[in-house]
Amino acid sequence: MRTLQPVLSELGLEVEEVAATLGATRLQTIARIVFPPLLPAILTGAAMAFARGVGEYGSIIFIAGNIPAVSEIAPLLIVTKLEQYDYAGAAAIGVVMLATSFVLLLALNGLQSWAAKRR
């Protein structure tokens, strides 16, 4: 919501009113006027939520089911590796999680700069 709020407040009602005055339906107004400026903000919010979810460690372990190939998650695999004294395996999983979050945030930053250039 934090990424959408500035875009929505910047958009204003005038463009929607103009579209309605020119004969656009509500669906056309949303699809052609409201949605295009919101798309980068929606993608930013989704990417940030995903990156945070990948990086989340402690709280998710308590609700994980640990059913192999169904509800196994990376943080739980790290704990399992640590309990087996496989520090290299735990570190490898952690590095993959970190790299995934980093690449996602880098792509997000690129998307934001691309969207800023289009304006």
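The structure this text deals with has already been given above.
Model, not experiment: these values are computed from the prediction.

Engineer: Just give me the short version of the overall build of the protein chain, but keep the residues and values in it.
Structural biologist: Scanning the protein chain for helices and strands turns up six helices and zero strands. Mapped from its N terminus to its C terminus, the protein chain presents α and β elements in the order α-α-α-α-α-α. For the protein chain, the residues scored as buried account for 19% of the 119 residues in total. Considering only contacts within the protein chain whose residues lie at least 6 apart along the sequence, 49% involve residues at least 24 apart.

Engineer: Outline the nonpolar core, listing residues and values.
Structural biologist: Residues Val7, Leu11, Val34, Leu38 and Ala41 constitute the largest nonpolar core, which totals five residues. Going through the elements one at a time, α1 (4-11) and α3 (26-55) are the ones with two or more residues in this core. Take this core: its biggest share by element is three residues, from α3. Among residues more than four places away in sequence, those in contact with Val34 are Leu11, Glu16 and Thr29.

Engineer: I'd like a description of the packing of helix α5 (residues 74-83) against helix α6 (residues 87-118), backed by residues and values.
Structural biologist: Remark: α5 packs on α6, axes separated minimally by 7 Å, with the N-to-C direction vectors making an angle of 160°. By the angle class used here, α5 and α6 are roughly antiparallel. For the pair α5 and α6, the crossing hand works out as left-handed. Packed against α5, whose contacting residues are Ala74, Pro75, Leu77, Ile78, Lys81 and Leu82, the element α6 presents Tyr87, Gly89, Ala90, Ile93, Gly94 and Met97 at the interface. Its residues placed into classes, the contact of α5 with α6 shows nine nonpolar, two polar and one charged.

Engineer: Pulling in residues and values, what's your account of the packing of aromatic side chains?
Structural biologist: One pass over the structure, following the stated rule, counts one aromatic pair. Relative to Tyr87, the ring of Tyr85 lies with its centre 6.3 Å away and its plane at 75°, an arrangement referred to as edge-to-face. The exposed category is assigned to Tyr87, whose relative accessible area is 51%.

Engineer: Explain the side chain of Thr44 residue by residue, including any values.
Structural biologist: Residue placement: Thr44 occurs in helix α3. What makes Thr44 buried here is its relative accessible area of 4%. The residues contacting Thr44, other than those within four sequence positions of it, are Thr3, Leu108, Leu111 and Gln112.

Engineer: Got a sec to walk through the environment of Val34? Specific residues and values, please.
Structural biologist: Relative to the elements of secondary structure, Val34 occurs in helix α3. Between the C-alpha atoms of Val34 and Leu13, which are 21 residues apart in sequence, the distance is 9.9 Å.

Engineer: Hey, could you go over unusual backbone geometry for me, with residue numbers and the actual values?
Structural biologist: Its identity is not glycine, yet Tyr85 carries a phi of approximately 60°, on the positive side. Here Tyr85 is to be found in the loop between α5 and α6.

Engineer: Explain the pattern of salt bridges to me, and be specific about the residues and the numbers.
Structural biologist: What the rule picks out here adds up to one salt bridge. The shortest N-O distance in the salt bridge between Asp86 and Lys81 comes to 3.7 Å. Taking relative accessible area as the criterion, Lys81 reaches 27% and is therefore assigned partly exposed.

Definitions and cut-offs
- Residues numbered from 1 in each chain as written.
- Predicted model: local features only at pLDDT ≥ 70, side-chain atom pairs only at ≥ 80, totals over all residues.
- Heavy atoms only, no water.
- Helix = DSSP H or I, 4+ residues; strand = E, 2+ residues; numbered from the N terminus.
- Buried < 20%, exposed > 50% of the residue type's maximum accessible area, 1.4 Å probe, protein only.
- Contact = heavy atoms within 4.5 Å.
- Core = buried A, V, L, I, M, F, W, Y, C linked by side-chain atoms within 4.5 Å.
- Axes fitted to C-alpha atoms, helices over the stretch in contact; angles between N-to-C directions.
- Parallel < 35°, antiparallel > 145°, perpendicular 65-115°, else oblique.
- Left-handed = near helix turned anticlockwise from the far one by under 90°.
- Nonpolar A, V, L, I, M, F, W, Y, C, P; charged D, E, K, R; others polar.
- Phe/Tyr/Trp six-rings, centres within 6.5 Å; stacked < 30°, edge-to-face > 60°.
- Salt bridge = Lys/Arg side-chain N within 4 Å of Asp/Glu carboxyl O.

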